[in-house]
Amino acid sequence: MLSLFRTNQLVANALLIFYILLLRFSSFIVPLELHPGQAGLLGENLLSIVPPEGTLSAVLSIILIFLQALLINVISARYRIARSVSLFPGVFYVLLCSCFSDFLYLSPVLMANTFLILALYELLGSYKKYYSNGRIYNAGLWIGVTTLFYFSSIIFLGAVFMGFVILRAFKLKEQIGLLLGFITPFWLAGIYYFVNDNLSDFWLRSFGNIGFFDFSISNGWVSYVQVGTFVVFILVAVFSYRTYTYKVSIQAQKFVDVFFWVLAFSLGTLLVQSNLQADHLLFLAVPLSFMIGMTFLYMNKRLAEAVHFLFLAGILLLQFKPFWFVAG
């Protein structure tokens, strides 16, 4: 199956629709045991409009993941991150975002990922550009919107800051522009709540879920499998750093460094928010999609197909757990 995506033709992204349906059709058959975490201001509004258990949530999540995977593939191709262009980053983003039943709905974390990817697009686009005030402001703006969906996203402001330091001479004026972009969504939301005489509710819903390493294991042994799976992927990415940066341009090396910073800050999100559930792991899917995609791209083709098939089979087996597993 992976061979279908080993291409530089962006039109082949249409095949991702069928891949997404394969990985997520269980949400229409198997009752989901969802445990949404503490959402941000916009995240709470999202959950009230689109209930997580409904069919609409599953359908919208499929559409959103397709658009996110498409943008990830555009980023990978446009900025030549790997030694050859493929659709693997988008494929593995879909796979990582569909690993477990906890991920198969339109969660605030999944929505937040959209704006994190957009921030990355603006960040990478600033490389070797003398004038990038617009991109810098936009990157901050998208991180601000991300934070309104899911509070712990606030830590990605540090990741974006480090990314600009890596990619350019990040001047004080540009740093202020990044901060102003970040503040803008809060300022606009605050004005709306102030006009409606509800400013205290704005502060509570935006910043009332601060916590420290409040991660809940609420799904038994499956939760340990979830955490273990992402730990394995992180270790694979870390030990593959030299492979990712071998025989690629200086630009690509710097971009890989940016992804590692985003990965590090993704882990840091565990330290700033309360009531974290399994879907919080979706943050890791953004940086890991690029890195695991390169791992499979550089792997022996037959081995890559075999490992991918085994992983795919394991995902489907876990998703249909209610049909074969009976708790004792």
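As shown above, the structure is provided for reference.
Computed from a prediction, not measured in an experiment: that's the story for all the values here.

Caption draft 1: Region of interest: the overall build of the chain. Tallying secondary structure elements over the chain gives 15 helices and zero strands in all. Principal-axis analysis of the C-alpha atoms places the extent of the chain at approximately 55 × 50 × 35 Å. Considering the chain as a whole, with its 328 residues, one finds that 55% of them fall into the buried category. The long-range share in the chain, meaning contacts at least 24 apart out of those at least 6 apart in sequence, stands at 82%. Where the 18 positive side-chain charges of the chain centre and where its 12 negative ones centre are 22 Å apart.

Caption draft 2: Highlighting the packing of aromatic side chains. Going through the model one piece at a time under the given rule, you end up with 23 aromatic pairs. Taken together, a centroid distance of 6.1 Å and an interplanar angle of 55° make the contact between Tyr79 and Tyr121 tilted. Here Tyr121 lies in helix H5 (residues 108-125) and Tyr79 lies in the loop between helix H3 (55-78) and helix H4 (88-96), a separation of 42 residues in the sequence. Given a relative accessible area of 9%, Tyr79 falls into the buried group. Judged by relative accessible area, which is 17%, Tyr121 ranks as buried. Ring plane angle 40° and centroid distance 6.0 Å describe the contact between Trp261 and Phe265, whose orientation is recorded as tilted. With a gap of four residues between them, Trp261 and Phe265 both fall in helix H12 (residues 250-268), about one helical turn apart. The partly exposed category is assigned to Trp261, whose relative accessible area is 34%. Members of the aromatic cluster, each reached through a chain of ring pairs, are Tyr79, Tyr121, Tyr127 and Phe255. Positioned above the aromatic ring of Tyr298, the side-chain terminus of Arg83 is 3.8 Å from the ring centre.

Caption draft 3: Region of the structure containing the packing of helix H7 (residues 156-167) against H12. Taken N-terminus to C-terminus, the directions of H7 and H12 make an angle of 160°; their axes are 9 Å apart at the nearest point. As judged from the angle between their axes, H7 and H12 are roughly antiparallel. By crossing handedness, the relation of H7 to H12 is classed as right-handed. Packed against H7, whose contacting residues are Phe156, Gly158, Ala159, Met162, Gly163, Ile166 and Leu167, the element H12 presents Lys254, Phe255, Asp257, Val258, Trp261, Val262, Phe265 and Ser266 at the interface. Class assignment for the residues of the contact of H7 with H12 results in 10 nonpolar, three polar and two charged.

Caption draft 4: Representation of unusual backbone geometry within the structure. For Arg80, which is not glycine, the phi dihedral falls at a positive 50°. If you trace the backbone, Arg80 turns up in the loop between H3 and H4. Positive phi outside glycine occurs at Lys247, with the angle close to 55°. Along the polypeptide, Lys247 turns up in the loop between helix H11 (241-244) and H12.

Caption draft 5: Structural view of the environment of Phe170. Within the fold, Phe170 resides in the loop between H7 and helix H8 (172-195). Owing to a relative accessible area of 10%, Phe170 belongs among the buried residues under this scheme. Sequence separation between Phe170 and Leu32 is 138 residues; the distance between their C-alpha atoms is 46 Å. Not counting residues within four places of it along the chain, the set of residues in contact with Phe170 comprises Ile136, Phe161, Phe164, Val165, Gln175 and Leu178.

Caption draft 6: Structural detail: the nonpolar core. Ile75, Ile81, Tyr93, Leu124 and Leu288 are the most contacted members of the largest nonpolar core, which has 101 residues in total. It is H5 that contributes the most residues to this core, 12 residues altogether. The contacts of Ile75, once residues within four sequence positions are left out, are Ile81, Ile117, Tyr121, Leu124 and Phe290.

Caption draft 7: Main features of helix H10 (residues 221-239). Over its 19 residues, H10 runs 27 Å from end to end, which matches the ideal 27 Å to within 8%, given 1.5 Å per residue. What H10 keeps buried is the set Val222, Ser223, Gln226, Thr229, Phe230, Phe233, Ile234 and Ala237. Buried residues in H10, looked at end-on, bunch into an arc of 130°, giving them a common side. For H10, the exposed residues lying more than 90 degrees away from the buried face are Tyr224 and Phe239.

Caption draft 8: Highlighting the side chain of Glu174. Among the structural elements, Glu174 can be located in helix H8. Excluding residues that lie within four positions of it along the chain, Glu174 makes contacts with Tyr130, Asn133, Ile136, Arg168 and Ala169.

Caption draft 9: Seen up close, a nonpolar patch on the surface. Among the surface-exposed residues, Phe25, Phe28, Ile29, Leu56, Val59, Leu60, Ile63, Leu67 and Phe323 lie close enough to one another that they form a single nonpolar patch of about 810 Å² accessible area. Sorting elements by how many residues they give to the nonpolar patch places H3 first, with five residues. Within the fold, Phe25 resides in the loop between helix H1 (15-24) and helix H2 (41-49).

Calculation criteria
- Residues numbered from 1 in each chain as written.
- Predicted model: local features only at pLDDT ≥ 70, side-chain atom pairs only at ≥ 80, totals over all residues.
- Heavy atoms only, no water.
- Helix = DSSP H or I, 4+ residues; strand = E, 2+ residues; numbered from the N terminus.
- Buried < 20%, exposed > 50% of the residue type's maximum accessible area, 1.4 Å probe, protein only.
- Contact = heavy atoms within 4.5 Å.
- Lys, Arg positive; Asp, Glu negative; His and termini not counted.
- Charge placed at Lys NZ, Arg CZ, Asp CG, Glu CD.
- Phe/Tyr/Trp six-rings, centres within 6.5 Å; stacked < 30°, edge-to-face > 60°.
- Lys NZ or Arg CZ within 6 Å of the ring centre and 35° of its normal.
- Axes fitted to C-alpha atoms, helices over the stretch in contact; angles between N-to-C directions.
- Parallel < 35°, antiparallel > 145°, perpendicular 65-115°, else oblique.
- Left-handed = near helix turned anticlockwise from the far one by under 90°.
- Nonpolar A, V, L, I, M, F, W, Y, C, P; charged D, E, K, R; others polar.
- Core = buried A, V, L, I, M, F, W, Y, C linked by side-chain atoms within 4.5 Å.
- Expected span 1.5 Å × (residues − 1).
- Arc of directions from axis to C-beta.
- Patch = residues over 30% accessible without salt bridge, like charges linked within 9 Å, V, L, I, M, F, W, Y side chains within 5 Å.
- Areas by Shrake-Rupley, 256 points an atom, 1.4 Å probe, with all protein chains shown as cover.
- Salt bridge = Lys/Arg side-chain N within 4 Å of Asp/Glu carboxyl O.

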